[in-house]
Amino acid sequence: CFSFNAAMHGYGRNGDWERAIALLQDMKDSGVRPDLVTYSTVLAACGKAGEWQRGKAIMAEMKADGISPNVFSFGSLINACGKAGRWELAVEILEEMQASGLVPNEHNWSTAIDACGKAGEWQKALDILGQLEAGTEAGGGGERVPLSTTMYNFALEACARAGKWDRGAEILERMKGNPRTPPDARTYAKIIDACAKGEQWGQAIRYLYEMREVGIPPTIFAFNAAIAACGKCGRWKEALALFGAMSREGVSPD
RNA sequence: UCGUAAAUGUCACGU
């Protein structure tokens, strides 16, 4: 079972969900019983590929085999829906996992927020985040979910995608207010990207400076977003200056 | 902290 799982993991990494499913069948045919990890690995492969129908089928199959899906299994299915743009289904599955007695963890919430963001549903993304902040999320029976930087980053990305740079700025402020959710390099890259989409070149540059001030070396992503913001606003001089600064400092991806 | 399983990277260029 071990080696099957390892091979399946390899297929998943390569986006080859069909082979992962085929291998699951081979396993059964050769009399090896798939376990929880096997199924979750196949689900992960489907999730990465956005194959939510297949994912649902696999989950039904594992249940039929008497194996209860856990947070990993459900998480991958939520991911599949998000990748496919099916945010409502993603939220539904999150609810289904709660109904089955599981408590979603921060990965699951992040994935759900991202599913909404990817589908352009930034209000829903912020709504979920707000519920988590207030500790009033659906099904939160006392067990409070720890907030994480990544969760905020997804919400911020949702705002960026929608061109809501001011909402993004609000999120950034909230992150700063919680020692558990410090902004990181990706946070700044996303807020700068939001500024670019909103054609706020001045804000974009301010955030670029700010990240350096708080001890986060600007990444290539932050620089590129800031340069894009300047370009979009026709601030060619500023764009060129940023480009110069970028090549002057050895900018790293992360 | 880790173990065979889950969530974030821009831009350009192509398709």
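Starting afresh in each chain, residues are numbered from 1 along the sequence in its written order. Chain A is the first chain written and ligand 1 is the first ligand written, with later ones labelled in order. Thresholds applied to this predicted model are a pLDDT of at least 70 for local features of residues and 80 or more for the giving and counting of side-chain atom pairs; totals over whole chains, interfaces and linings are not thresholded and use all residues. Note that the side-chain values use all heavy atoms of the structure and ignore hydrogens as well as water.

Draft legend 1. Here's a closer look at helix H10 (residues 165–176). An ideal rise of 1.5 Å per residue puts 16 Å on 12 residues; H10 measures up with 17 Å between its terminal C-alpha atoms. For the exposure calls, accessible area comes from a 1.4 Å probe over protein chains only, and a residue counts as buried if that area is under 20% of its type's maximum, exposed if over 50%, partly exposed in between. Runs of H or I in DSSP of at least four residues are treated as helices and runs of E of at least two as strands, each being numbered from the N terminus. When H10 is considered as a whole, its buried residues turn out to be Gly 168, Ala 169, Ile 171, Leu 172 and Met 175. Around the axis of H10, the buried residues are gathered within 160° of arc, so they sit on the same side. As for H10, its buried residues are in contact with helix H8 (122–134), helix H9 (149–161), helix H11 (185–197) and helix H12 (201–213). Here a helix's expected span is defined as the number of its residues, less one, multiplied by 1.5 Å. Read the arc as the range of directions from the helix axis to the C-beta atoms. Residues are treated as being in contact if the distance between any of their heavy atoms lies within 4.5 Å.

Draft legend 2. Focus on the packing of helix H1 (residues 2–13) against helix H2 (residues 17–29). Only the contacting stretch of a helix is used when fitting its axis, a line to C-alpha atoms as for every element, and angles between N-to-C directions run 0 to 180 degrees. Two elements in contact, H1 and H2, have axes separated by 9 Å at closest approach and are oriented at 165°. Considering the angle they form, H1 stands roughly antiparallel to H2. Both H1 and H2 take part in a crossing whose hand is right-handed. On H2, the residues touching Phe 4, Asn 5, Ala 7, Met 8 and Tyr 11 of H1 are Arg 19, Ala 20, Leu 23, Leu 24 and Met 27. Three residue categories are used. Nonpolar comprises Ala, Val, Leu, Ile, Met, Phe, Trp, Tyr, Cys and Pro, charged comprises Asp, Glu, Lys and Arg, and polar comprises the others, including Gly. In terms of residue class, the contact of H1 with H2 is made up of 8 nonpolar, 1 polar and 1 charged. For classification purposes, an angle smaller than 35 degrees is called roughly parallel, one larger than 145 roughly antiparallel, one from 65 to 115 roughly perpendicular, and anything else oblique. Left-handed describes a crossing whose near helix is turned anticlockwise from the far helix by less than a right angle; the clockwise case is right-handed.

Draft legend 3. Region of interest: the side chain of Thr 41. As for its placement among the helices and strands, Thr 41 is situated in helix H3 (residues 36–49). Since its relative accessible area comes to 14%, Thr 41 is described here as buried. Discounting residues that sit within four places of it in the chain, Thr 41 has contacts with Asn 5, Met 8 and His 9.

Draft legend 4. The confidence of the model for chain A, seen in detail. Residue-level confidence of the predictor, termed pLDDT, takes values from 0 up to 100. Mean pLDDT over chain A: 90, with 96% of residues reaching 70 or higher. For this predicted complex, the interface score ipTM comes out at 0.65, alongside a pTM of 0.90.

Draft legend 5. Expanded view of the protein's contact with RNA strand B. What surrounds RNA strand B is a group of 28 residues, the closest being Asn 5, Val 37, Arg 186, Phe 221 and Asn 224. Near is defined per residue: the residue qualifies when any heavy atom it owns lies within 4 Å of the molecule or strand. The sugar-phosphate portion of RNA strand B accounts for 33% of its atoms within 4 Å of the protein, the bases making up the rest. Whenever two N or O atoms come within 3.5 Å, that pair is a polar contact, provided that in protein one can donate a hydrogen and the other can accept it, and provided that, for residues adjacent in sequence, both atoms are side-chain atoms. Here a sugar or linking oxygen of RNA strand B sits 3.2 Å away from a polar atom, N or O, in the side chain of Thr 41. One nitrogen or oxygen atom from the side chain of Arg 186 is found 2.3 Å from a base nitrogen belonging to RNA strand B. Every element with two or more residues in the surface near RNA strand B is listed here: H1, H3, helix H5 (71–83), helix H7 (106–118), H9, H11 and helix H13 (220–232).

Draft legend 6. Representation of the pattern of salt bridges within the structure. Each reported salt bridge corresponds to a side-chain nitrogen of Lys or Arg within 4 Å of a carboxyl oxygen of Asp or Glu. Within this structure, the stated rule accounts for 13 salt bridges. Glu 157 serves as the salt-bridge partner of Lys 190, at 3.2 Å between the closest nitrogen and oxygen. Of this pair, Lys 190 sits in helix H11 while Glu 157 sits in helix H9, and the two are 33 residues apart along the sequence. For Glu 157, a relative accessible area of 23% translates into the label partly exposed. Note that Lys 176 is salt-bridged to Glu 173, the shortest N-O span being 3.0 Å. Remark: Glu 173 and Lys 176 occur in helix H10; sequence separation between them is 3 residues, near one turn of the helix. By relative accessible area, which is 38% here, Lys 176 ends up partly exposed. Through salt bridges with shared partners, a single ionic network connects Lys 28, Glu 61 and Asp 65.

Draft legend 7. Structural context of H1. Taking 1.5 Å as the rise per residue, H1 with 12 residues should run 16 Å; its terminal C-alpha atoms sit 17 Å apart, in good agreement. By the burial criterion, the buried members of H1 are Asn 5, Met 8 and Gly 12. For H1, the arc enclosing every buried residue in end-on projection is 65°, short of the 170-degree limit, so these residues lie on one face. With respect to the buried face of H1, the exposed residues turned more than 90 degrees away are Ser 3 and Arg 13. Buried residues along H1 sit against H2 and H3.

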